[in-house]
Amino acid sequence: MATAAATAGGVIVPAEARPSRSLWDNAWYKLRRDRLTIAASVTLVLLALLSILAPVFADNVFHYKFEQQDLFHTYEKPSFDPPAYLLGTDEVGRSQVVRLLFGGQVSLFVGFVAALVNFLVGVPVGLAAGYFRGPFDDFINWLITTLNGIPQIYLLLIIAALWQPGPLTLIAIIGLLNWTGITLYCRGQTISLREREYITSAHAIGATHARVIFKHILPNVLPLIFILAAIDVGGIVLLESALSFLGLGILPPTPSWGNMLTGGASYFVRAWWLVVSPGVMIFLTVLCLYLIGDGLRDALDPRLKTHESH
Amino acid sequence: MRNFLIRRALYAIPTLIGISIITFAIARLSPGDPIRLFTFGIKDFTQDDYLRLLHAYGLDKPIPLQYVDWLSNAVRLNFGESLIYHREAGTMILERLPNTLQLAVTALMLQLIIGVPLGVVAALRRGSWADGAIRVFGVAGHAVPAFWLGQVLIILFAIGLRWLPSQGMLTVGKDQLDLMDRLKHILLPAFVLALVGIANYSRILRTETLDVLGQDYIRTAHAKGLRERVVVYVHALRNSLIPVVTALGGILATLVGGALVIEQVFSWPGIGQFTFQAAIAKDYPIVQAGVMIASTLLVVSYVLRDLTYAIVDPRIKVA
């Protein structure tokens, strides 16, 4: 009798004493063990810091302003001495490494802010279309099919050709055109969620539409949004560079990785390093963002476990 | 199946109408009055002349009516005269369409020939170094700016090694039908254009093959005593190839859109490069014709994609 009681007291723990773990706790647990994603995040943060602190580095490390020219030292090969020539100089003797840092400011700023605009448009529209269905959904569906029917780069370059490009116009253009993918995901997810029993029961106890959408549907769409966000920013950085390359994005003398490539392209026979370094920066940034997106997907999408187990 | 095709084609009509509205709006929103642009500098040009010209071109009608006029011309591929070349804009775009198609189809072939086997190999050798390398490539291929890769390859193969030409479709003055010459010219642009799709296909095929290999009917095939090769290539591959068709939608969009940038890098005389140059020069008839024809190409290929999908996967309901 006494031993049985002791076992009961010592081993059996009441269920509620076990710490509960949410989807986010699980995801964080998995992410911490995903070395590739951690490495990508660290690299991305470093790139962002280098860009944000570009003026500090320019003054204290390279002692060179980004607009500073030196016609006696054009097309200098990359060298450690002086530090400003780390990645060589361009056709008017500007320091490539300093311009790259400043260019990163523009490219990353456009990428992140335009992605934010995408989400501010795409998520509410997707939620509303998927939740309310009806004519509004039909209209949104038609609009998205139409926008997806036009090759995106055509649409972008025509609009960019009409309005004078600058960082803010570019953000507006990309932000207002690139939301369709996010809307489609949100809409699809919402449509499948609204038929679930827990939504019906929420309605049954008198929950308003707003409450159902924000309390019951949005939290379930949120993980997906985080995955999409990382990939979206990467796509926009690529898009910005392509538009700037075509002369319709950020205009010189403001450096962006895209327009530095265009500049370098004219001289690539004499100075190949001017072409290689901006491309590598774009590649690294986008690669990190896509890797983070992949890592988030693995961590947040429970259905993927089956793929990994067999 | 015929009904399915008809219905799917009918679904494309509202899309095409939407695209035509946007294309029409391009010219309406563009700064500058076309009559003033054309008559600029003409002496003793009165307000009366202006109004008569406005009427002659139908520009005094309400916007919706103007749209209907424009659309009825556009469906007959009549987009008006180019402001620069003074030739039919639609004809000029159509002349360049085969070049773009040639590039896009070659790129699509490369994607299938390279991307699909990569994905299958990665899945079959799961966890090996080959799998790792292919997975890294699957992400990295998406992250490379295509125009940059194009330039780097030009520096490498055209300027450095002098193996391949850097631009154009053929060597000027050479025989038009010189196949080797054409192949040499198309190799770099087609590969650069194909890269995203190759990466995409290798990823999709890897996931899908792993998925299929884990299914019961594969275990049954093994249990029957079939050889590994038969199980993989006859039983598994058939089903894992279905997403090749599903993914075609996104792939086609990147091919048609991406071609514009690639054509620009390699001076490939296709519709993308031509439309882009026209947009810079504000030659609106050409821009409208280019956007409309490129979009129609995309919408038609979406219909074909859905049709192929219905043929390949019998589980799709064909009503």
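Since we're looking at a predicted model, the values are computed, not measured.

Engineer: Describe the overall build of chain B, listing the residues and the values that go with them.
Structural biologist: Scanning chain B from N- to C-terminus turns up 14 helices and zero strands. For chain B, the α and β elements follow one another from N to C terminus as α-α-α-α-α-α-α-α-α-α-α-α-α-α. In terms of overall dimensions, chain B is more spread out than a globule: its C-alpha atoms have a radius of gyration of 25 Å, far above the 20 Å expected for 319 residues. In terms of its C-alpha atoms, chain B occupies a principal-axis envelope of roughly 90 × 55 × 35 Å. In chain B, which comprises 319 residues, the share counted as buried stands at 45%. In chain B, once contacts between residues fewer than 6 apart in sequence are set aside, the share between residues at least 24 apart is 72%. Accessible surface, chain B: about 16,500 Å² in total, of which carbon and sulfur atoms supply 65%.

Engineer: Can you break down the overall build of chain A residue by residue, with the values?
Structural biologist: For chain A, the count of helices and strands is 14 helices and zero strands. Its helices and strands in sequence order give chain A the pattern α-α-α-α-α-α-α-α-α-α-α-α-α-α, from N to C terminus. Counting all 310 residues of chain A, 48% fall into the buried class. Excluding contacts between residues fewer than 6 apart, the proportion of contacts in chain A whose partners are at least 24 apart in sequence is 71%. For chain A, the exposed area adds up to about 15,400 Å²; of that, 68% sits on carbon and sulfur atoms.

Engineer: Go over the pattern of salt bridges, please, and point to the residues and values.
Structural biologist: With the rule as written, the count across this model stands at eleven salt bridges over all chains. E195 of chain A is paired through a salt bridge with R194 of chain A; the nearest N and O atoms lie 3.2 Å apart. Judged by its relative accessible area of 54%, E195 of chain A falls in the exposed class. Taking the shortest distance from any N to any O, the salt bridge between E95 of chain B and R96 of chain B comes out at 3.7 Å. When salt bridges with common partners are traced through the structure, they connect R133, D137 and R187 of chain A into a single cluster.

Engineer: Can you break down the environment of F109 of chain A residue by residue, with the values?
Structural biologist: Residues and elements named next belong to chain A. Turning to its location among the elements, F109 is positioned in helix α5 (residues 96-132). The class of F109 is partly exposed, set by a relative accessible area of 42%. With 62 residues separating them in the primary sequence, F109 and I171 have C-alpha atoms 8.9 Å apart. Setting aside chain neighbours within four positions, we find F109 in contact with G104, A114 and I171.

Engineer: An account of the packing of α5 of chain A against helix α8 (residues 167-177) of chain A is needed here, citing residue identities and associated values.
Structural biologist: Residues and elements named next belong to chain A. Running from amino to carboxyl end, α5 crosses α8 at an angle of 40°, the nearest separation of the two axes being 8 Å. Considered as vectors, α5 and α8 are oriented oblique to each other. In this structure, α5 crosses over α8, and the sense of that crossing is right-handed. The segment α5 lies against α8, with F109, V110, V113, A114, V117, N118 and V121 engaging P167, L170, I171, I174, G175 and L176. The residue inventory of the contact of α5 with α8, partitioned by class, reads eleven nonpolar, two polar and no charged.

Engineer: Give a detailed account of the packing of aromatic side chains, specifying residues and quantitative values.
Structural biologist: Taken as a whole, this structure holds seven aromatic pairs over all chains when the rule is applied. Summarising the aromatic geometry, the rings of F139 of chain A and W142 of chain A are spaced 5.9 Å apart at their centres and angled 35° between planes, so their arrangement reads as tilted. Here F139 of chain A and its partner W142 of chain A are both found in helix α6 (residues 134-149), three residues apart, which amounts to about one turn of the helix. Centre to centre, the rings of Y85 of chain B and F274 of chain B are 5.7 Å apart; their planes meet at 35°, and the pair counts as tilted. Linking Y85 of chain B in the loop between α4 (63-74) and α5 (89-124) with F274 of chain B in helix α13 (residues 271-280), this pair joins segments that are 189 residues apart in sequence. One aromatic cluster is present, built from ring pairs that chain together F24, Y67, W70 and F79 of chain B.

Engineer: Account for empty space enclosed by the protein, naming residues and giving values.
Structural biologist: Tallied over the full model, the rule gives one cavity of 30 Å³ or more. Counted as a void, the largest cavity has a volume near 30 Å³. Taken together, I158, A161 and L162 of chain A together with A279, Y284 and V287 of chain B make up the full set of residues lining the largest cavity. Secondary-structure elements contributing two or more residues to the lining of the largest cavity are α7 (152-162) of chain A together with α14 (284-312) of chain B. When residues in the lining of the largest cavity are grouped by element, the largest group, three residues, is from α7 of chain A.

Engineer: Got a sec to walk through the domain arrangement of chain B? Specific residues and values, please.
Structural biologist: Residues and elements named next belong to chain B. Segmentation of chain B into domains returns domain 1 (2-74) and domain 2 (92-312). Each of domain 1 and domain 2 has a C-alpha centre, and the two are 35 Å apart. Each partner contributes residues to the interface: domain 1 has 15 residues there, and domain 2 has twelve residues. Of the roughly 1,300 Å² buried where domain 1 meets domain 2, counting both sides, 79% is carbon and sulfur surface. Taken together, the links from domain 1 to domain 2 amount to one salt bridge. Salt-bridge contacts for D306 lead to R8; the nearest nitrogen and oxygen are separated by 2.4 Å. On the surface where domain 1 and domain 2 come into contact, there are three residue pairs in polar contact (both at pLDDT 80 or more). Here the element with the most residues in the side of domain 1 that touches domain 2 is helix α1 (residues 2-29); it accounts for twelve residues. Classifying every residue of the side of domain 1 that touches domain 2 by side-chain character gives ten nonpolar, four polar and one charged.

Engineer: Give a detailed account of a nonpolar patch on the surface, specifying residues and quantitative values.
Structural biologist: A cluster of nonpolar residues, I38, V42, V45, L46, L49, I52, L53 and V56 of chain A, forms a patch on the protein surface that exposes about 680 Å² of accessible area. Looking at the element boundaries, L53 of chain A is found in the loop between α3 (35-52) and α4 (54-60).

Engineer: Can you explain the side chain of R305 of chain B? Please cite residues and give values.
Structural biologist: Residue and element names in this part refer to chain B. With respect to the helices, strands and loops of the structure, R305 is situated in helix α14. The exposure class of R305 is buried, given its relative accessible area of 17%. Leaving out residues up to four positions away in the same chain, R305 has contacts with V245, T246, L248 and G249.

Engineer: Any chance you could break down the interface of chain A and chain B for me, citing the residues and the numbers?
Structural biologist: Contact with chain A, which involves 40 residues of that partner, is made by 48 residues of chain B. Of the roughly 3,800 Å² buried at the junction of chain A and chain B (both faces included), carbon and sulfur atoms supply 77%. At the junction of chain A and chain B, the tally comes to one salt bridge. R203 of chain B serves as the salt-bridge partner of D294 of chain A, at 3.1 Å between the closest nitrogen and oxygen. Scanning the region where chain A abuts chain B turns up five residue pairs in polar contact (both at pLDDT 80 or more). The set of elements that each furnish at least two residues to the side of chain A that touches chain B consists of α6, α7, α11 (209-245), α12 (257-265), α13 (273-300) and α14 (305-309) of chain A.

Reading the values: rules and limits
Residues numbered from 1 in each chain as written. Chains lettered and ligands numbered in written order. Predicted model: local features only at pLDDT ≥ 70, side-chain atom pairs only at ≥ 80, totals over all residues. Heavy atoms only, no water. Helix = DSSP H or I, 4+ residues; strand = E, 2+ residues; numbered from the N terminus. Rg over C-alpha atoms; globule rule 2.2 N^0.38 Å. Buried < 20%, exposed > 50% of the residue type's maximum accessible area, 1.4 Å probe, protein only. Contact = heavy atoms within 4.5 Å. Areas by Shrake-Rupley, 256 points an atom, 1.4 Å probe, with all protein chains shown as cover. Salt bridge = Lys/Arg side-chain N within 4 Å of Asp/Glu carboxyl O. Axes fitted to C-alpha atoms, helices over the stretch in contact; angles between N-to-C directions. Parallel < 35°, antiparallel > 145°, perpendicular 65-115°, else oblique. Left-handed = near helix turned anticlockwise from the far one by under 90°. Nonpolar A, V, L, I, M, F, W, Y, C, P; charged D, E, K, R; others polar. Phe/Tyr/Trp six-rings, centres within 6.5 Å; stacked < 30°, edge-to-face > 60°. 1 Å grid on protein atoms, 1.4 Å probe; cavity = no way out; pocket = protein on both sides within 12 Å on 5 of 7 lines; lining within 4 Å. Points joined across faces, edges and corners; volume = space filled by probe spheres on them. Domains from an automatic or database assignment. Buried area = accessible area lost by both parts, 1.4 Å probe. Polar contact = N/O pair within 3.5 Å; in protein donor to acceptor, adjacent residues only side chain to side chain. Patch = residues over 30% accessible without salt bridge, like charges linked within 9 Å, V, L, I, M, F, W, Y side chains within 5 Å.

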